[in-house]
Amino acid sequence: MKGDRVEIVIDAGGTSPRTYEITATRAGRRVEVDTRRGLVEVSEVTRSGTPVRTARFMSSRILALVEHPADEAPPAPSG
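Colleague: Help me understand the sheet that holds strand β3 (residues 30-36) in this model?
Modeller: Two modes of strand pairing occur in sheets, parallel and antiparallel, and in both the strands are linked by backbone hydrogen bonds. As summarised here, the arrangement of the 3 strands in space is β3-β4-β5, forming an open sheet in which the pairing is antiparallel. Sheet topology places β3 and β5 (51-58) at the edges, where each strand pairs with a single neighbour. For this sheet, the mean inter-axis angle between neighbouring strands, taken without regard to orientation, is 20 degrees. Two elements, strand β4 (residues 39-45) and β5, share 7 bridges in a ladder whose sense is antiparallel. Counted as the bridge partner of Val-40 is Phe-57 from β5.

Colleague: Help me understand the nonpolar core, please; the structure alone is not making it clear to me.
Modeller: Within soluble globular proteins, side chains that are nonpolar generally end up buried alongside one another. Counting residues in each nonpolar core, the largest one holds 11 residues, listed as Val-6, Ile-8, Ile-10, Ile-22, Ala-24, Val-31, Val-40, Val-42, Ala-55, Phe-57 and Ile-62. Breaking this core down by element, the ones donating at least two residues are β1 (5-10), β4 and β5. Among the elements that take part in this core, β1 stands out by supplying 3 residues, more than any other.

Colleague: How should the pattern of salt bridges be read in this particular structure?
Modeller: When the charged atoms of two side chains with opposite charge come close together, those side chains can pair. Throughout the structure, instances matching the rule amount to 8 salt bridges. The partner of Glu-21 in a salt bridge is Arg-5, and the shortest N-O contact between them spans 3.3 Å. Note that Glu-21 is positioned in strand β2 (residues 18-23) and Arg-5 in strand β1, a separation of 16 residues in sequence. Relative accessible area serves as the criterion here: at 46%, Glu-21 is assigned to the partly exposed category. For Arg-5, a relative accessible area of 28% corresponds to the partly exposed category.

About the thresholds
Residues numbered from 1 in each chain as written. Predicted model: local features only at pLDDT ≥ 70, side-chain atom pairs only at ≥ 80, totals over all residues. Heavy atoms only, no water. Pairing = 2+ DSSP bridges. Helix = DSSP H or I, 4+ residues; strand = E, 2+ residues; numbered from the N terminus. Axes fitted to C-alpha atoms, helices over the stretch in contact; angles between N-to-C directions. Core = buried A, V, L, I, M, F, W, Y, C linked by side-chain atoms within 4.5 Å. Buried < 20%, exposed > 50% of the residue type's maximum accessible area, 1.4 Å probe, protein only. Salt bridge = Lys/Arg side-chain N within 4 Å of Asp/Glu carboxyl O.

Here you go:
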């Protein structure tokens, strides 16, 4: 769903960690997280399941992975 996003904090070996963010940028797209053999793969996919953009990270380097789902309902008009 547009607005879904995942934040990934990586230990890059330097003095400060690096933060990456993958966001569903268009209507009908969503963000999926897969864990496979020591890798974490974060992908923005279309309705049909075709990956648009993919990021891969070594699971041993990940400090935090936070999923932020989009609000499902738009705010109700007041008045």
